[in-house]
There are 4 protein chains.
Amino acid sequence: MYFERIVSEGLSHFSYIIGNGGEAVVIDPRRDCDIYIKKTIKEDMRITHILETHRNEDYLIGSLELSSQTGAEIWHADTQWDYKYGQAVEEGQKWKLGNMVLEALHTPGHTPGSMSYLLHDPSGTPWMVFCGDALFAGDVGRVDLMGMDRAEEMAGMLYDSLFQKLLPLGDEVLLNPAHGMGSVCGASIAPRMWTSIGLERKLNPRIQAKNKQEFISTTVKELERPPYFKQMERLNLEGPHILGFLPYLFPLSLQEFSDKKKQSHVLDTRMELDFSSAFVPDSLSIWLDGIASFAGWFLSYDRPVLLVTEAEDPTKIVRLLLRMGYDDLEGFLSGGIHSWLLHGKPAGSIHTLMVQDFCRELDKKEQLWILDVRSNEELDQNGRITGAHHIHITQLPNQMSDVPKDIPVYIFCGSGLRSMIAASLLKRNGWDQLSVILGGFAGWNSITCPIQKPDK
Amino acid sequence: MYFERIVSEGLSHFSYIIGNGGEAVVIDPRRDCDIYIKKTIKEDMRITHILETHRNEDYLIGSLELSSQTGAEIWHADTQWDYKYGQAVEEGQKWKLGNMVLEALHTPGHTPGSMSYLLHDPSGTPWMVFCGDALFAGDVGRVDLMGMDRAEEMAGMLYDSLFQKLLPLGDEVLLNPAHGMGSVCGASIAPRMWTSIGLERKLNPRIQAKNKQEFISTTVKELERPPYFKQMERLNLEGPHILGFLPYLFPLSLQEFSDKKKQSHVLDTRMELDFSSAFVPDSLSIWLDGIASFAGWFLSYDRPVLLVTEAEDPTKIVRLLLRMGYDDLEGFLSGGIHSWLLHGKPAGSIHTLMVQDFCRELDKKEQLWILDVRSNEELDQNGRITGAHHIHITQLPNQMSDVPKDIPVYIFCGSGLRSMIAASLLKRNGWDQLSVILGGFAGWNSITCPIQKPDK
Amino acid sequence: MYFERIVSEGLSHFSYIIGNGGEAVVIDPRRDCDIYIKKTIKEDMRITHILETHRNEDYLIGSLELSSQTGAEIWHADTQWDYKYGQAVEEGQKWKLGNMVLEALHTPGHTPGSMSYLLHDPSGTPWMVFCGDALFAGDVGRVDLMGMDRAEEMAGMLYDSLFQKLLPLGDEVLLNPAHGMGSVCGASIAPRMWTSIGLERKLNPRIQAKNKQEFISTTVKELERPPYFKQMERLNLEGPHILGFLPYLFPLSLQEFSDKKKQSHVLDTRMELDFSSAFVPDSLSIWLDGIASFAGWFLSYDRPVLLVTEAEDPTKIVRLLLRMGYDDLEGFLSGGIHSWLLHGKPAGSIHTLMVQDFCRELDKKEQLWILDVRSNEELDQNGRITGAHHIHITQLPNQMSDVPKDIPVYIFCGSGLRSMIAASLLKRNGWDQLSVILGGFAGWNSITCPIQKPDK
Amino acid sequence: MYFERIVSEGLSHFSYIIGNGGEAVVIDPRRDCDIYIKKTIKEDMRITHILETHRNEDYLIGSLELSSQTGAEIWHADTQWDYKYGQAVEEGQKWKLGNMVLEALHTPGHTPGSMSYLLHDPSGTPWMVFCGDALFAGDVGRVDLMGMDRAEEMAGMLYDSLFQKLLPLGDEVLLNPAHGMGSVCGASIAPRMWTSIGLERKLNPRIQAKNKQEFISTTVKELERPPYFKQMERLNLEGPHILGFLPYLFPLSLQEFSDKKKQSHVLDTRMELDFSSAFVPDSLSIWLDGIASFAGWFLSYDRPVLLVTEAEDPTKIVRLLLRMGYDDLEGFLSGGIHSWLLHGKPAGSIHTLMVQDFCRELDKKEQLWILDVRSNEELDQNGRITGAHHIHITQLPNQMSDVPKDIPVYIFCGSGLRSMIAASLLKRNGWDQLSVILGGFAGWNSITCPIQKPDK
């Protein structure tokens, strides 16, 4: 018997390989699907079935890609929607996997047609359940994706799925959700990376609701929705473009890069300290590990993407961007930012300063504007900076005009990373007097400053 | 939070890394401990503590090795014995790991001082338990290691450990034992590689005992004990020789190999089909994946070991043998068996035949002797071959004289692999009329033969 | 400046990457061309040009594949033939590579339109020459490929190419041919893997010819020509099927394998000792490292190929077969030959014996037939076995009827590897009394036997 | 036959493995010698001999390390010095390697006892020569290491070695020196990574000398000598500390790092853009690929080394530092500079600006001081910046007092990398008004500025 959870970092997406008797099933594969094929070949197994738990919004499902390379059958949940490929799963449907059985359970709520898959032990006893976005460690799936007008209805469905389908499976049953901590699909998933039905019954705050009404009222909430969700929803029904293999990303000479720049977006994946010193004008700054969370907010699909990176091997970036459907990658700047500078090309820069220096600045500066780009949750949990204006990083494109252009703007986030995204957005829209506070709120919180400390 | 189970194949040994807040604990490390160090460095963590669940018999614990390379503290269970290094764990002792706590639970039975380690969630709720050899998926630890005269006493202790300590932790608690299916530490561990207290409560046949007496009577059983256990017990108390790093295994020229051969054991790790055609005289045949299970029975520590292999990279063999304390590895035959043959050196061979041919043989041969080297359990479960003489492979050295030398001997096991071990043992003790049945009992069972089928 | 020789083992094929100033040229790429792309991306370079030295017969050129993945231009030599893609190189044509220049030299002889490419140092001085199959270490390219009626003409051309074009470049110029020792493109390439014009002038026996006439008379010789050459010639002009990426080879269940077996060829890539003990009936035995040399002789393109292997990772086999245009690979037997045996499927076997045993056999056997499958060159160099019948392995399909079916046949080669190919060919054509001599002529030569020793 | 050049980047050091018939010789091994062992084991060979071409000054020779792990014999050149281990090579000494012979040639000049090793083809013809630091591509070994008073004498010896020993071997002989472009052992080694005696005879400017006198006068020159050379010279005679294996570098918590900081040197290996934004106070900045060239100038051996890095895997840094005898490595800052900032620890920063901005600065600033840290050779070749003060980076520690503290200092080098080393040195000695020009002279040279252009 073979079981492996494949973690796709950034999206905090969990997919699964379950194998037995030479055959394997993959649940919710990602698009760069070579990992499932290589692992199963190494185990002398064939992938015969691909099961989806729901129509995803946050990444491109790899079912069609994986099927085209292996011949495996695709089975869809959420078949109320018009899938262009694969087959419709029905409640109670079973698949044999050697001496074990996988069984479909309808567990709607996150989406109307969400399915869970229950793996039985050879004796027929429930062993593990793959519950998609119905139930996470410490959280439940969001119910606002059908629109806020249907959110109560969806929350009600989810209550029934949890309390009538999943929890009754038994405390001992191992729980394998589709996401871990850090995913946008759950507001506050816990770092409990392995869990069971019973652990969630005890520890998951949502499951503590005394009744359906209380569950609905605490669960219905509008969460943010990156613009790329629309693209994912559509492509996951139509089937994204088949890649065939992981495309190469080629180096571009300075000349090629400069020529293509006008018709492209430039994405700079270096860390914030590096970016601040020099960057290709008009670049969007998103550090490598932030791509999965932020590209979908700020990088549109309307033009090809050019990359400025620090790593020699751009494969990781390609994987991250393909998972979100950014297929039109033109290449990366050969020699990186150093090549740009060595040729004397004009580069941008963003002023940075330490929290200590900012303290001193506050004393002397007559006029300044503090921009805090953290989320509401972070403000509530960790405190606010007196006098700061709050615009969550994701809302900055819509509220940019609130930021003054004529006085110095000091940008705060938790650490400095998101501040640099914000600074790069403002910079390419004409703001000039920008400073990023390095260490962010964490650093701020660690020192004693002559100004009033954040409320808690 | 970081959690990883490290599986050492062959021994089916599970060790664990648990990390949080930049620090990590390793439970029951193996001797070739580079894997723990590399993984934790990659995660930007330091190993600060090494916890042992019990004094092991089946492999060399890597605590001292890992401590010498990292400075981590060693904590022993079974401190009734005279450890030469490390410190004694006490029931209830706690270790902080970031915002989580690990707690020692005394769970004797497999050994008198066995400890389990309970990992609490940051909220203080029991999350996972590392139970050593107390409880496995589908089995419990063996109780015969203190001698059969103390087996009932040990079984009683184990009952209390299970029913008063482990099961009360709650069905939802995840269970992390020290072994998986295939280990000699449990007779019938299930292939349920991930499990919970509740799954074991439901599915583990030993836990179904109605009371302590029934538990004792079904659990007390004398299992086989490879001779190398003695060596492991002693070295695990004294601390094995510190390696510092994984030693290289060098190729030996034909001349060097021949010269050293007289004072050494030759271990041939090729598959049985390959071995049968030609081997260095007096070699012991144990195929690579069988080393962990069989070297401890047939390979003594009294002389250095010379290897004949098929793989270019002998690292895997070195790891397997070092885990069992075979430190005196002289090298491998450069060019492998082909070098031997190309120089016209006399080689041994073992006759093999398919089950169909054996069927025909049975009809015509006047005199023959069938040797079945499978275990009693296999005979009971899968059936017997009419007319076969049964000597379990592990007992062959003691019962060799029962095998006739003057008539053809046909050797059976499940597949042909263990038969080849048996044949190599007999061959170097002077038996000549040996044949190994390829496909073994599995092949035999798949065809229709003119002789009476095995009883079931 | 970047320079790397890529060695494709088996074919002993040398291709080259030369890079400078962010751009790279590849000379004579192989079909599985990922290696050139990965290496150049790592060096921050783009492949801009692909240069061919001649129309190859012994492998599929990867120009079209590499161009389709990188956009590089393809330049052909031998443009007297009707290429379906790429452009025609002309004598004297130059390509700039940073501050260096590559220049085409027409060096016919091996083929009518063979080209060499001379790399100049930045100062303009000749530095290295990539001479294709014109000149090797210790040998020159074969001249019989246009037919023996044109061989003298071709040898004359080659003489002029060598003595008027290549040697005059200067003794100090480094020589980079398209093949090393072991290739079928030169009968006796030396193990001098790095060489210069001057070293060849001194050491290459062909260059010692006193005049054109002597060169022609020693060079014109008909060498063997595997049947797959025809396929390579055609495909190299048309452009082979574009792979896009290295295909996966999937495991096939015993049932799938058995079903497909009737319409397929079974190729068994295990070593000869392993094969001899048990194999799927009608398999062709070619050990892994012998594929490049022997598949083209014995494996036809008329049916798909099924594989029986010993390695877990079949990637190496896929590469070897794709280089020769065997694209129709159906998969490998899951579980290998053991799976076959465990299911009691009837298997073939070939009797093997050591040279010592064969000596004894010779004394007692009344009738036997010794088949020596070595080449004429080997017989001349190393000696013959008295009484042996000689059929070179490559001629066996045509001369099979010379081998008697009714008396025991003992097969010899240099080591035992080619003997097993021969045995597998004879076996599937109905021969039954076959024995392979392990260690072959090398083993035979190492011992003293009661029969007359080979003439020398 | 096996031949491989092992390139140690940074030092541009070439070592060699030559193997034949199961045995191998290593010439001038580096200290982290695992690469030789792994490669030879993979080729089924034993390393039997280690040959040194001379007593090195620029790195620790790995002979003793490699011998302790393999048992190979060590043979020294320069045996006029008092080696504490190994044996003395003599002119004309020969070693058999299968059917080939290696022969020692005394080729003094770089050092008094330098040896070259000539590899003969099996026919006895000279094939390759391993000439240590006697002759490079485009340069010859420096002759100033015995002191300038003996430089003429050494240059005379070198002339004889080149013109009477090496060149007479023949134009066709392949040349394998101990260094490539970028080494401190030759002032201007060419990028001709593979060469022959004849290519050097034609292209090497030093070999063009019309007679011994001219050779001496153009060759005698005092080159810079990093302070660590003394350490290397001593340790290479005594034998450096045996490592046994490549040590791990562990992460240090912020607390541990801070505690150790007082008694240690902090080396920050990030790129200059990253470093400039924030660094641990008093750090020395040397980017990763600059370590081999610059650590020996600025990092003393008197205290342990703490690291701040950007890479997850610090193995490459460990290798670079061990090659220069920096064995006392305490660990790296866990979480890197971000951890420092998130805890609000005070960090340093260096102002940076683009060349365009500096142009504008020049117009308006009343007082400023331009520091150019390039070498004399670079100034001569590429031009000077009008008004700049020149102190080569290596001389900065001695001439620091020439740099004014009270006016802004703008630092130039070729690119910005060495400028950041200079800035970090000045900063920790109390300078504050420092700016580094990004893109350096290369960038400067690419644009048109309102100030007078550098002389050429």
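Residues numbered from 1 in each chain as written. Chains lettered and ligands numbered in written order. Predicted model: local features only at pLDDT ≥ 70, side-chain atom pairs only at ≥ 80, totals over all residues. Heavy atoms only, no water.

### Overview of the overall build of chain A
Looking only at helices and strands, chain A has 16 helices and 24 strands in total. Relative to the 2.2 N^0.38 estimate, which gives 23 Å for 456 residues, the radius of gyration of chain A is 24 Å and therefore close to what a compact globule would have. The dimensions of chain A, computed from C-alpha atoms along their principal axes, are 75 × 55 × 35 Å. For chain A, with 456 residues in total, the buried portion stands at 65%. Of the roughly 16100 Å² of accessible surface on chain A, a fraction of 48% belongs to carbon and sulfur atoms. One way to put it: in chain A the 44 positive side-chain charges average out to a point 2 Å from where the 60 negative ones average out. (Helix = DSSP H or I, 4+ residues; strand = E, 2+ residues; numbered from the N terminus. Rg over C-alpha atoms; globule rule 2.2 N^0.38 Å. Buried < 20%, exposed > 50% of the residue type's maximum accessible area, 1.4 Å probe, protein only. Areas by Shrake-Rupley, 256 points an atom, 1.4 Å probe, with all protein chains shown as cover. Lys, Arg positive; Asp, Glu negative; His and termini not counted. Charge placed at Lys NZ, Arg CZ, Asp CG, Glu CD.)

### Thoughts on the relation of the copies chain B and chain D
By a simple turn and slide, chain B fits onto chain D: the slide is 0.0 Å along the axis, the RMSD is 0.0 Å, and the turn is 180°. Expressed as a symmetry operation, the mapping of one chain copy onto the other fits a two-fold axis. In terms of C-alpha distance to the rotation axis, chain B has Phe245 of chain B as its closest residue, with the C-alpha 3.3 Å off the axis. When the interface residues of chain B are mapped onto chain D, 100% of them again lie at the interface, so the same face is used by both copies. (Least-squares fit on C-alpha atoms with pLDDT ≥ 70 in both. Contact = heavy atoms within 4.5 Å.)

### Some points on the pairing of strand β9 (residues 115–120) of chain D
All names here are of chain D. Among the six residues of β9, six are classified as buried, and the element is accordingly described as predominantly covered. Burial along β9 is two-sided: Met115, Tyr117 and Leu119 and Ser116, Leu118 and His120, pointing in opposite directions, are all buried. Here strand β8 (residues 100–106) runs beside β9; their pairing, made up of six bridges, is antiparallel. Considered in β9, the bridge of Glu103 is made with Leu118. Relative to strand β10 (residues 126–132), β9 is paired through four bridges, and the arrangement is antiparallel. Of the residues in β10, the one forming a bridge with Tyr117 is Phe130. Following β9, the chain reverses through five residues before pairing antiparallel with β10; Gly124 in that reversal takes a positive phi of roughly 100°. (Pairing = 2+ DSSP bridges.)

### Notes on the interface of chain B and chain D
Counting residues at the interface gives 23 residues for chain B, matched by 23 residues for chain D. Around 1900 Å² of area is buried between chain B and chain D when both sides are counted, 60% of it from carbon and sulfur atoms. The interface formed by chain B and chain D includes zero salt bridges. Summed over the shared surface of chain B and chain D, the number is six residue pairs in polar contact (both at pLDDT 80 or more). Every element with two or more residues in the side of chain B that touches chain D is listed here: α1 (34–42), α2 (63–70) and β15 (251–252) of chain B. The biggest single contributor to the side of chain B that touches chain D is α1 of chain B, with five residues. (Buried area = accessible area lost by both parts, 1.4 Å probe. Salt bridge = Lys/Arg side-chain N within 4 Å of Asp/Glu carboxyl O. Polar contact = N/O pair within 3.5 Å; in protein donor to acceptor, adjacent residues only side chain to side chain.)

### Considering the confidence of the model for chain A
Confidence in the prediction of chain A, expressed as mean pLDDT, is 94, and 97% of residues score 70 or more. Across residues 450–456 of chain A the pLDDT falls below 50, and counting only partners more than four positions away or on other chains, this stretch makes 18 contacts in the model. (pLDDT = per-residue confidence, 0-100.)

### Some details on the environment of Tyr301 of chain D
Following the sequence through the fold, Tyr301 of chain D ends up in the loop between α9 (291–298) and β18 (305–308). Polar side-chain contacts of Tyr301 of chain D include one of 2.5 Å to the backbone oxygen of Met324 of chain D.

### Points about the packing of helix α3 (residues 151–166) of chain D against helix α5 (residues 212–219) of chain D
All names here are of chain D. Relative orientation of the contacting elements α3 and α5 amounts to 125°, with a least axis distance of 9 Å. Between α3 and α5, the angle falls in the class oblique. Handedness of the α3/α5 crossing: right-handed. Across from Glu152, Ala155, Gly156, Leu158, Tyr159, Asp160 and Leu162 in α3, the residues of α5 making contact are Lys212, Phe215, Ile216 and Thr219. Partitioned by chemical class, the residues of the contact of α3 with α5 number six nonpolar, two polar and three charged. (Axes fitted to C-alpha atoms, helices over the stretch in contact; angles between N-to-C directions. Parallel < 35°, antiparallel > 145°, perpendicular 65-115°, else oblique. Left-handed = near helix turned anticlockwise from the far one by under 90°. Nonpolar A, V, L, I, M, F, W, Y, C, P; charged D, E, K, R; others polar.)

### Notes on the packing of aromatic side chains
The way to describe two aromatic rings as a pair is by their centre distance and the angle between their planes. Going through the model one piece at a time under the given rule, you end up with 84 aromatic pairs over all chains. Considering the side-chain rings of Tyr228 of chain A and Phe229 of chain A, the 5.3 Å spacing of their centres and the 70° angle between planes classify their relative orientation as edge-to-face. Look at Trp287 of chain B and Phe294 of chain B: their rings are 5.9 Å apart centre to centre, the planes differ by 40°, and that puts the pair in the tilted class. Comparing Trp287 of chain B with Phe294 of chain B shows no difference in burial state: the two are buried. Pairwise contacts between aromatic rings join Phe3, Tyr16, Phe130 and Trp194 of chain A together with Phe3, Tyr16, Phe130 and Trp194 of chain B into one cluster. (Phe/Tyr/Trp six-rings, centres within 6.5 Å; stacked < 30°, edge-to-face > 60°.)

### Points about the nonpolar core
Most often, soluble globular proteins have nonpolar side chains that are buried together. By size, the foremost hydrophobic cluster in this structure holds 237 residues, and its most contacted members are Leu321, Leu371 and Ile411 of chain A together with Leu321, Leu371 and Ile411 of chain C. In contact with Leu371 of chain C, not counting residues within four places along its chain, are His389, Ile391, Leu396, Val403, Val409, Tyr410, Ile411, Phe412 and Leu426 of chain C. Counting residues in each nonpolar core, the second largest holds 236 residues, with Leu252 of chain A together with Leu11, Ile41 and Ala295 of chain B among its members. (Core = buried A, V, L, I, M, F, W, Y, C linked by side-chain atoms within 4.5 Å.)

### Examining the interface of chain D and chain A
Each partner contributes to the interface: chain D provides 32 residues, whereas chain A provides 32 residues. Counting the surface lost from both chain D and chain A, the interface buries some 2100 Å², and carbon and sulfur atoms represent 62% of this. It is Leu273, Leu342 and Met354 of chain D in chain D that bury the most area against chain A; as a group they hold 26% of the surface buried on that side. At the boundary of chain D and chain A, one finds zero salt bridges.

### Description of the environment of Ala24 of chain B
Residue and element names in this part refer to chain B. Residue placement: Ala24 occurs in strand β3 (residues 23–27). Sequence separation of Ala24 and Glu43 is 19 residues, and the distance between their C-alpha atoms is 9.9 Å. Once residues within four sequence positions are removed from consideration, Ala24 is found in contact with Ile17, Ile18, Gly19, Thr40, Met45, Arg46, Ile47, Thr48, His49 and Leu97.

### Structural notes on the sheet that holds strand β9 (residues 115–120) of chain C
Strand order across the open sheet formed by six strands is β7-β8-β9-β10-β13-β14 (chain C), with mixed pairing between neighbours. Among the strands making up the open sheet, the edge pair consists of β7 (94–97) and β14 (195–196) of chain C.

### Things to note about the sheet that holds strand β19 (residues 329–333) of chain A
Residue and element names in this part refer to chain A. With parallel pairing, the five strands of this open sheet are ordered in space as β15-β19-β18-β16-β17. In this open sheet, the two edge strands, each paired with only one partner strand, are β15 (251–252) and β17 (284–285). Sheet analysis places strand β16 (residues 265–268) next to strand β18 (residues 305–308), joined by four bridges and oriented parallel. The residue of β18 that forms the bridge with His265 is Val305.

### Section: unusual backbone geometry
Residues and elements named next belong to chain A. The backbone of Ser12 sits at a positive phi, close to 50°, despite the residue not being glycine. With respect to the helices, strands and loops of the structure, Ser12 is situated in the loop between β1 (2–8) and β2 (13–20). With relative accessibility at 10%, the residue Ser12 sits in the buried group.

### Digging into the relation of the copies chain D and chain A
Rotating chain D by 180° about the axis while translating it 0.0 Å along that axis superimposes it on chain A, leaving an RMSD of 0.0 Å. Both copies present the same face, since 100% of the interface residues in chain D are matched by interface residues at the equivalent positions in chain A.

### Observations regarding the pattern of salt bridges
Per the stated rule, a full pass over the model turns up 117 salt bridges over all chains. Overlapping salt bridges bring together Arg30, Asp32, Asp34, Lys38, Arg319 and Arg323 of chain A as one network.

### Side note on the environment of Lys212 of chain C
All names here are of chain C. Position of Lys212 among the secondary structure elements: in helix α5 (residues 212–219). Among the residues examined, Lys212 registers a relative accessible area of 34% and is labelled partly exposed. The residues touching Lys212, leaving out its near neighbours within four places in the chain, are Gly156, Tyr159 and Asp160. Among the polar contacts made by the side chain of Lys212, one reaches the side chain of Asp160 at a distance of 3.1 Å.

### A look at the side chain of Arg192 of chain C
Note on placement: Arg192 of chain C falls in the loop between β13 (174–177) and β14. Overall, the relative accessible area of 6% leaves Arg192 of chain C in the buried class. If we ignore the near neighbours within four places in the chain, the residues touching Arg192 of chain C are Ala137, Gly138, Glu200 and Leu203 of chain C together with Asp121 and Trp127 of chain D.

### Comments concerning helix α1 (residues 34–42) of chain D
For an α-helix the count is 3.6 residues per turn, leaving residues at separations of three or four pointing the same way. Residues and elements named next belong to chain D. For α1, every residue scored as buried is listed here: Asp34, Tyr36, Ile37, Thr40 and Ile41. When α1 is viewed along its axis, its buried side chains cluster within an angular range of 165° and face the same direction. Positive backbone phi, approximately 65°, marks Asp44, located one or two places after α1. (Arc of directions from axis to C-beta.)

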